[in-house]
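Analysis of the macromolecular model
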Amino acid sequence: MSSAANQARKDAIRDNVLRPSRNVPYPSKDGKPIYTSEFFGESVFGLAQIAKALPKPAYAQFLRKMRGGQALDKSTADAIAHAVRIWAMDKGATHFTHWFQPQTGTTAEKHDAFLTLKTTHGQAGLEEVKAIDAFSGTQLLQAEPDASSFPSGGMRTTFEARGYTVWDTTSPMFVQHGPHKTTVLYIPSIFISYNGDALDEKTVLLRSTEQVAKAALAVLALLEPVPQGVPPQTSVVYTTLGTEQEYFLVDRALYVLRPDLKITGRTLVGALPAKHQQMEDHYFGHIPSRVLATMSEAELELYKLGVPIKTRHNEVAPQQFELAPIFEETSLAVDHNLLTMDVLSKIAHRNNLKVLFHEKPFKGVNGSGKHCNWSLSTGSGENLLDPTIKPETNYRFLLFLLATLDAVQRHGGLLRAGIASASNEHRLGANEAPPAIISAFLGEHLTEVLDSIEESRPVKNFSVPNMRTIKLGGTALDVMVSTLPDISRDLTDRNRTSPFAFTGNKFEFRAVGSKQSPSFPMTLLNAAVASSLQDVAEALRKAAGDKAFPSDADKLKVIRQYIASTKSVRFEGDNYSDDWKNEAAKRGLLNITNCPDAFDQIVEEKNSAMLCKLGIFSKSELSSRHYILMERYSKDLLLEANTLRTILAQQILPAAFEYRAALASSCAQQQAIKLSAGPELKTLNQTTPLVERLQEWIEKLDEAINNVHLAAHDPSAEARASAKHLLPAMEGAREVADELEEIIADKYFPLPKMSELLWF
């Protein structure tokens, strides 16, 4: 067994070296590469294409539908359906699909052909069947998947299977490559039950964006006085999002030899190699040519799909990388992030690589996150979280900043629930990711601004000897090299340990996991901010009294009130330190260290009341989410535990037995010819106790798995049992297996090692 497995390892490593590179031509015209902007979005059917296809009155009606002001009539829907079918078929489309986001952490699709049959009856009564291509407005607007086959938390059962996908008009349709040089038309959609309950991640996200926009407009209406009867200065507000997607790439031939990676997404055994990330030379280092080719090919596909990828680079751990886009409206940004993950996976496969989105695929090196950069913008493009040159007098900025801090202060537990998962649990609280205490970082300058307002004193001067001049948005540094230009410095430093950090003109929610969809955490953040903005608006009205609009003094009064009430959630120091844990406890901040406790925050009275009051969730939808999250957590851990048990019993132990037998045989041969067998005996004596301990841990794993099954009647109890029994049993078994790996001769070891997976 071991010789065959070892040979497979060797073959995979050899093929990795000898495999030719994939050559994908860059789009060109007349033999010259064309600009990215010329083919960007060519696979997208957006507003420009719809405007071209529809009469002006119909297009105006469609825009009103997009803004929620009017239903879409059948004739307009049919016209759009006809236009998009012709456009898609001209690009090779044979099928269409409603593309939606069930509560599985990924996307779902069912392909239907444009082909249909038309039957006519001749004069003689004979039927004539003719094949035609057709796509109706009804097919565009709605489809019907089996709702009982997706996670529903008990809201749908096998005998209540009907569910609907409905076209999300705010997200453009697009085509993706299919087999045989064909394409498929994708229709971004929501997914609801027969009773209208949200069964997906997108429906609640769209609800939350509407609520935060409504609340923001209410605040702006008080801050931007206009005469009665005159339309408000700002009529549109939306949230923006930029997702920094981290991931690992490993050779696919080695990946398929690791059942733990294939089944669970992470290595359940594996000793740390001699070189990993301790040299600090991988971050922003030279991108390996094979990886760069994969990145570039993925970017080409994503540009055609209208995904504005901006940045690519090496991350901290070996074989860890990042792609980051330009900010977009939140719902579209989520769609594009899920599309990015899908395209990366496909392109990596073509390049004989495998993408790992798991938050902690390798123990001992940094895990991966999905840093979500969130802000609020007006329809004219003004960033409501832009401090401008004098934040101390920018009352609009201060009120929106403090409303966001208030949301984190009051609903930090809810935000913690949004990032909780079995995979992200390995990352949160480690020295590469923000901890489980949700706090906010503002930086020295903004902290001083808030302190000065609270204390009614001037803002401290931040100039130091090395600074030359004050510049818009920061200061200019003199680096003491005459040939170099001035360097613009931001108002704030960066705190990589903060889970929720202000970074210039946005908040960076750093604790979101790399594998998860951004939908749920952004839904909860939007909801919390919407609730706080409602309270800010009410406080401004109360401060204004009989006046139509609050005065500057009224605004300042509310600002001081919120500065004081949000002080406990602001922290500028090291979030990894034990001192902060103690300080956070004194401040009354939650330190939720496990997933089941985090999930309970969803149904905690304060949080559930807020979510239901805003209409983002119903009580039954919240109960369903709680059920699904608990159930998924225990399923994930049981899957890992059973996979680990199989690897230990069927691969690691047999390899150890074979190695022990070889040592024993060598000892006998040495002694038979009167030679000392001391070295072999020493290694054998090291190996035997570890083998015995591993057998004991396999028995403990079996016991832990049985303990979880005993609680299977209740998802919450099962999740807590999984955390209590499975996590320590798996960690103990792994520790012994990793010790054995470092003793067993390489030719007997059945699995690709971390040194082989992490270095091409």
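Residues numbered from 1 in each chain as written. Predicted model: local features only at pLDDT ≥ 70, side-chain atom pairs only at ≥ 80, totals over all residues. Heavy atoms only, no water.

Short version of the rule: UniProt positions are given in the numbering used here, feature names are shortened, and annotations may be inferred rather than shown by experiment.
In the nomenclature of an unreviewed UniProt entry, the chain is known as Glutamine synthetase/guanido kinase of Linnemannia elongata AG-77. Recorded in UniProt under Sequence similarities (unreviewed entry), the annotation for the chain is "Belongs to the glutamine synthetase family."

1. Some points on the side chain of K202
Counted only if it meets this: Numbering of helices and strands runs from the N terminus; a helix is a DSSP stretch of H or I covering at least four residues, while a strand is a stretch of E covering at least two. Classification of residues uses two cut-offs on accessible area relative to the type maximum, computed with a 1.4 Å probe and protein chains only: under 20% is buried, over 50% is exposed, and between them is partly exposed. Think of a polar contact as two N or O atoms within 3.5 Å of one another; within protein, one of them needs to be a possible hydrogen donor and the other a possible acceptor, and neighboring residues in sequence only count if both atoms come from side chains.
For K202, the location among the structural elements is in helix α7 (residues 202–223). Look at K202 and you get buried, because its relative accessible area is 1%. A polar atom in the side chain of K202 sits 2.7 Å from the side chain of D168.

2. Describing the packing of aromatic side chains
Two aromatic rings are characterised by how far apart their centres lie and by the angle between their planes. Short version of the rule: To pair, rings of Phe, Tyr and Trp, with the six-membered ring standing in for Trp, must have centres within 6.5 Å; the planes then decide the type, stacked if under 30 degrees apart, edge-to-face if over 60, and tilted in the middle. Think of it as a cone above the ring: NZ of Lys or CZ of Arg counts as a charge over the ring if it is within 6 Å of the ring centre and within 35 degrees of the ring normal.
Under the definition given, this model contains 26 aromatic pairs. Pairing Y283 with F284 gives two aromatic rings, centres 4.4 Å apart and planes at 25°, and the pair type is stacked. Judged by its relative accessible area of 54%, F284 is exposed. One aromatic cluster is present, built from ring pairs that chain together F397, F500, F502, F507 and F509. The ring of W697 carries the charged tip of K700 above its face, separated from the ring centre by 4.1 Å.

3. Points about the domain arrangement of the chain
To be explicit about the condition: Each domain's extent was defined by an automatic or database domain assignment.
Domain assignment breaks the chain into domain 1 (41–193) and domain 2 (631–758). On a C-alpha basis, the centroid separation for the pair domain 1 and domain 2 is 51 Å.

4. Focus: the nonpolar core
Let me state the cut-off plainly: Throughout, nonpolar core names a set of buried Ala, Val, Leu, Ile, Met, Phe, Trp, Tyr and Cys residues whose side chains join them through atoms within 4.5 Å. Contact between two residues is taken to exist if any of their heavy atoms lie within 4.5 Å; hydrogens are not considered.
Core analysis: the biggest nonpolar cluster contains 157 residues, and Y247, F400, F509, L533, L648 and L726 have the highest contact counts within it. Among the elements that line this core, the one with the most residues is helix α19 (residues 619–672), at 15 residues. Formed jointly, this core draws a minimum of three residues from each of two domains, domain 1 (41–193) and domain 2 (631–758). Discounting residues that sit within four places of it in the chain, L648 has contacts with V269, L653, P654, L694, I698, L701, A733 and A737. Grouped together as the second largest cluster of nonpolar side chains are 25 residues, I50, Y59, A88 and F96 included.

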